[in-house]
Amino acid sequence: MKLQNYTLRYLAVTLLLVIPIWAGIFYVLILDEVYDNIDDDLKNSKIIIVRHAFADRKLLNSPEFGINKFTIKPLPKGNYRTKDEFFSTKEFMEYDNDDEPIRILKSVFKDEEGNNYELIIKASIVEEDELLQDLFLALIGLYIMLVISILIVNHLLLKKIWKAFHVVLDNLKEIKLGTGSKLKAIDSPIDEFNTLAKEVEKMLNRNESIYSSQKQFIENASHELQTPLAISINKLELFAENSTLPEEQMIEIGKITDTLNRLTRLNKSLLMLSKIENQQFSQEQEVDFNKLILTLTEDYTDLAEFKKVKIIITENDSLLFKMNKGLAIALISNLLKNALIHNHKEGFVNFVINKNEIIISNSGNNAPLNSAVIFNRFYRHTTTNESTGLGLSIVKSIINNYSITVEYIFTGDHQFKINFPKK
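Treat the numbers as computed from the prediction; the structure is a model and nothing was measured. Per chain, residues are indexed from 1 in the order of the written sequence. Under the rules for a predicted model, residues below a pLDDT of 70 receive no local features and side-chain atom pairs below 80 are neither given nor counted, while totals for whole chains, interfaces and linings still include all residues. Note that water and hydrogens are dropped before the side-chain values are worked out from all heavy atoms of the structure.

Q: Describe the overall build of the chain, with residues and values.
A: The helix count covers DSSP runs of H or I at least four residues long, the strand count covers runs of E at least two residues long, and both are numbered beginning at the N terminus. Within the chain one finds nine helices and 11 strands. For the chain, buried positions account for 34% of its 423 residues. Contact criterion: two residues are considered in contact whenever any of their non-hydrogen atoms come within 4.5 Å of each other. Taking contacts inside the chain between residues at least 6 apart in sequence as the whole, the part at least 24 apart equals 67%. Exposure was quantified through the Shrake-Rupley algorithm and a 1.4 Å probe, taking into account, for residues, occlusion by the shown protein chains and nothing else. If you sum the accessible surface of the chain, you get close to 26,800 Å²; carbon and sulfur atoms cover 56% of it. Note on classification: 1.4 Å probe, protein chains only; a residue is buried when its accessible area is under 20% of the maximum for its type, exposed when over 50%, partly exposed between these limits.

Here's what the structure looks like:
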């Protein structure tokens, strides 16, 4: 989920919780203010009515509400509370043909002769249920408008604000170490984004420097190690050819030569792993795996004939994928060599090429391999000197650079399935 939508989701939920709470408080305050205004109006009406009653004593005998909405009734002699009483009730309204809420003021006053009179005044008030309904609808409208407004602001304003961040993010996706690519400059009013761009640029410069040093070390190591190994092997072979040593010593020289050859292969494999993990194979092109597999199987024909292993290729579809050509060759050749080495005489190696996958199966040991560790470095399930224990590690390292996967399956035969992304 994008950062903008992530924050919007929590903001929408927060508004959904806050607005009802605010609405409840607002409703209570509005209702209290309405009652207070009506009560003030009733008090004012009381003053006017009492004044007119003193001027016109006929008003002192007004037992019916009538159109004046007040009554004055004489009370027996005694002591009465003169404090105003307010309360709400309902009364039938002919216009609405229903009981509607009203506010009533009940008070006691004395005339000039000291007689007590009860004054009752009533006034219509706002209907609470209608007020609550109108407020509820207004709040729904308010919530929808707020969310829409936030969406618009989020899309327009925040998109503009976060533009610099996305520029940095897109640049990072395109940058590859060793190519000399630089981070594009940004111009943002946000200090944090400018700081982020500067720090990312510093980090890239540091990584570029480390990468260059490491690349130089690998190249130097390749030259410094391979050369003495090759010289040693050549000298041993010349010595063996021109030597009259006993057979037992010649066998020992052969073992030393095999060890040095294995060390050479091991050195090449380790250097290959380092180069892959340092992403030194940056150039990419459309690789035709059908042609590649046919070419590599021809290259390994001598080894297959020596091992008396039959190679079968089944092409159900053509498979094209954009990647480094050298890594594609290393990927298939390591799996093919692994299938040939860990095989038995009169065995087989099958290639099945489908639209989005390559399945390499071979005969061999009847027991399944440990799929949890077979791609680990120096893992070997046999003691053969032909294996360095790095072939499948190289395969795993290659696929980690692309959106492809490899899995091991045992179905009586050993299978490695390479899954390519669907187009």
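And the narrative resumes.
Q: Describe the sheet that holds strand β6 (residues 310-315), with residues and values.
A: Here the rule is simple: two strands pair whenever DSSP picks up at least two bridges between them. If you walk across this open sheet you meet the five strands as β6-β8-β9-β11-β10, and the pairing is mixed. Every interior strand has two partners, whereas the edge strands, β6 and β10 (405-410), have only one. Here the average twist between neighbouring strands, direction ignored, is 15 degrees. For helices, the fitted axis covers only the stretch in contact; all axes are lines through C-alpha atoms, and the angles between them, taken along N-to-C directions, range from 0 to 180 degrees. Packing of helix α6 (residues 289-299) onto the sheet brings it into contact with β6, β8 (348-353) and β9 (357-362), and relative to β6 it is tilted by some 170 degrees.

Q: Hey, could you go over the packing of α6 against helix α8 (residues 325-341) for me, with residue numbers and the actual values?
A: Packing of α6 against α8 brings their axes to within 10 Å, and their N-to-C directions diverge by 55 degrees. Taken together, the axis directions place α6 and α8 in an arrangement best described as oblique. In this structure, α6 meets α8 at a crossing whose hand is right-handed. On the side of α6, the interface is formed by F289, L292, I293, L296 and T297, while α8 contributes K325, A328, I329, I332, S333 and L336. Three residue categories are used. Nonpolar comprises Ala, Val, Leu, Ile, Met, Phe, Trp, Tyr, Cys and Pro, charged comprises Asp, Glu, Lys and Arg, and polar comprises the others, including Gly. Partitioned by chemical class, the residues of the contact of α6 with α8 number eight nonpolar, two polar and one charged. Note that the term roughly parallel is reserved for angles under 35 degrees, roughly antiparallel for angles over 145, roughly perpendicular for angles of 65 to 115, and oblique for everything else. Working rule for handedness: look at the near helix, and if it is turned counterclockwise from the far one by less than a right angle, call the crossing left-handed; if clockwise, right-handed.

Q: Please provide a residue-by-residue account of α6, values included.
A: Taken as a whole, α6 has its buried residues at F289, N290, L292, I293, L296 and T297. For α6, the angular spread of buried residues about the axis comes to 160 degrees, placing them on one side. Exposed positions of α6 whose direction lies more than 90 degrees from the buried face are K291, E298 and D299. Polar contacts, as counted here, are pairs of nitrogen or oxygen atoms within 3.5 Å of one another; within protein the pair requires one atom able to donate a hydrogen and one able to accept it, and residues that are adjacent in sequence qualify only if both atoms are side-chain atoms. A distance of 3.1 Å separates the backbone nitrogen of N290 from a side-chain oxygen at the start of α6, and that oxygen is part of D288. In this context, the arc is that of the directions from the helix axis out to the C-beta atoms.

Q: Outline the packing of aromatic side chains, listing residues and values.
A: Between rings of Phe, Tyr and Trp, where Trp is taken as its six-membered ring, a pair exists when centres lie within 6.5 Å; planes separated by under 30 degrees are stacked, by over 60 edge-to-face, and by other angles tilted. Counted according to the given criterion, the structure contains five aromatic pairs. Counting every residue linked through ring pairs, the aromatic cluster contains F289, F321, Y402 and F420.

Q: Break down the side chain of N354 for me, with residues and values.
A: Along the chain, the position of N354 falls in the loop between β8 and β9. A distance of 2.8 Å separates a polar atom in the side chain of N354 from a polar atom in the side chain of E357. Here N354 is in contact with N316, D317, S318, L319 and I359, once residues within four sequence places are set aside.

Q: Describe the pairing of strand β3 (residues 98-110), and please don't skip the residues or the numbers.
A: Of the pairings in the sheet, the one linking strand β2 (residues 85-93) to β3 comprises nine bridges and is antiparallel in character. When the bridges of β3 are listed, F86 appears paired with L105. For β3 and strand β4 (residues 116-124), the ladder comprises nine bridges, and the chain directions are antiparallel. If you follow F109 over to β4, its bridge partner there is Y117. Where β3 folds back onto β4 in an antiparallel hairpin, the turn is made up of five residues, including G114, whose phi is positive at roughly 90 degrees.

Q: Could you give an account of the side chain of K46, with specific residues and numbers?
A: Residue position: K46 is located in helix α1 (residues 3-55). Looking at K46, the relative accessible area reads 17%, which means it is buried. A polar atom in the side chain of K46 sits 3.0 Å from the side chain of S107.

Q: Report on the environment of F321, specifying residues and quantitative values.
A: Inspection of the secondary structure puts F321 in strand β7 (residues 320-323). On a C-alpha basis, the gap between F321 and Q285 in space is 8.1 Å, while along the polypeptide they are 36 residues apart. If near-sequence neighbours (up to four positions away) are discounted, F321 is found in contact with Q285, E286, V287, F289, Y402, S403, I404, F420 and P421.

Q: Could you give me a rundown of the nonpolar core, with the residues and numbers involved?
A: Counting 40 residues, the largest nonpolar core has F289, M323, L331, I332 and I358 as the members making the most contacts within it. Counting residues per element, this core draws most heavily on α8, at nine residues. Apart from the residues within four sequence positions on either side, L331 is in contact with V395, I398, I399, I404 and I418. Listed in part, the 22 residues of the second largest apolar core include I38, I49, L60 and Y117. By convention a nonpolar core is built from buried Ala, Val, Leu, Ile, Met, Phe, Trp, Tyr and Cys residues, the set being connected through side-chain atoms within 4.5 Å.

Q: I'd like a description of unusual backbone geometry, backed by residues and values.
A: Glycine aside, residues mostly have negative phi, and peptide bonds are mostly found in the trans state. Residue K308 is not a glycine yet carries a positive backbone phi of 55 degrees. The topology assignment puts K308 in the loop between α7 (301-307) and β6.

Q: So what's going on with the environment of I418? Which residues, and what values?
A: Tracing the chain through its elements places I418 in strand β11 (residues 414-419). Along the backbone, I418 and E357 are 61 residues apart, and their C-alpha atoms lie at a distance of 5.4 Å. Filtering out sequence-adjacent residues up to four positions away, I418 remains in contact with L331, I332, L335, N356, E357, I358, T405 and V406.

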